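Structural characterization, general
Single-letter residue listing:
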Amino acid sequence: MIHQFWKAITAFLVGVIIATAGANANGLEKPKGTVLLTVSGAISKTNAGETAQFDLAMLEAIDSTVIETTTIWTDGIQHLRGVSLAALTKALGVSSGTLRAKAINDYVVEIPVTDAVEGGPIIAYELNGEQMPLRNKGPLWIVYPFDTDVAYKSEQIYTRSIWQLDRIEVVQ
């Protein structure tokens, strides 16, 4: 009887280990593909040391938001798909502070976490149904739904729309 009990406990623990093998203690899986975004700073979820790294599949799994908007950098209405900034900050346990967004060329913008609202900006990974190459603002571009609110059509918001994004540091 005791032998069967320990066998059952062992089987249960092996199942738990297998089920959680892709995630670390903080609950984020490790990326399996190319890392597109690394988030550091004041975050409560990590998967690579003190950072949270995301591949495309992980970003898609958090949220898939579509916005259609015009921009000052493109012609006509653009169809953009990405993860909402609100969903990403929520997934990382971020509720205040500033997002210091950095591009591949080290260009930096600061975005208040208060911008991360429902119906607000997204981190786009698709433009008009295609992944964005480095030469066309990719692989990631923070885009506000400019056509939904006149407040988004300001120089301040335009400067926050960073393309070739690859890092975000959360600063309190």
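Shown above is the structure to which this text applies.
Residues numbered from 1 in each chain as written. Predicted model: local features only at pLDDT ≥ 70, side-chain atom pairs only at ≥ 80, totals over all residues. Heavy atoms only, no water.

1. Things to note about the overall build of the protein chain
Secondary structure summary: the protein chain contains four helices and 10 strands in total. When the helices and strands of the protein chain are placed in sequence order, the string is α-β-β-α-β-β-α-β-β-β-β-β-α-β. Across the 172 residues in the protein chain, those meeting the buried criterion constitute 40%. Considering only contacts in the protein chain between residues 6 or more positions apart, those separated by 24 or more positions represent 56%. Here the protein chain has roughly 9,500 Å² of accessible surface; of this, 56% comes from carbon and sulfur atoms. (Helix = DSSP H or I, 4+ residues; strand = E, 2+ residues; numbered from the N terminus. Buried < 20%, exposed > 50% of the residue type's maximum accessible area, 1.4 Å probe, protein only. Contact = heavy atoms within 4.5 Å. Areas by Shrake-Rupley, 256 points an atom, 1.4 Å probe, with all protein chains shown as cover.)

2. Concerning the side chain of Asp55
With respect to the helices and strands, the residue Asp55 is situated in the loop between strand 2 (52-54) and helix 2 (56-62). Among the polar contacts listed, one links the side chain of Asp55 to the backbone nitrogen of Lys32, at a separation of 2.8 Å. (Polar contact = N/O pair within 3.5 Å; in protein donor to acceptor, adjacent residues only side chain to side chain.)

3. A word on unusual backbone geometry
Cis geometry is found at the peptide bond from Gly138 to Pro139, where omega equals 5 degrees. Unusually for a residue other than glycine, Lys137 sits at a positive phi of about 75 degrees. With a relative accessible area of 14%, Lys137 lands in the buried category.

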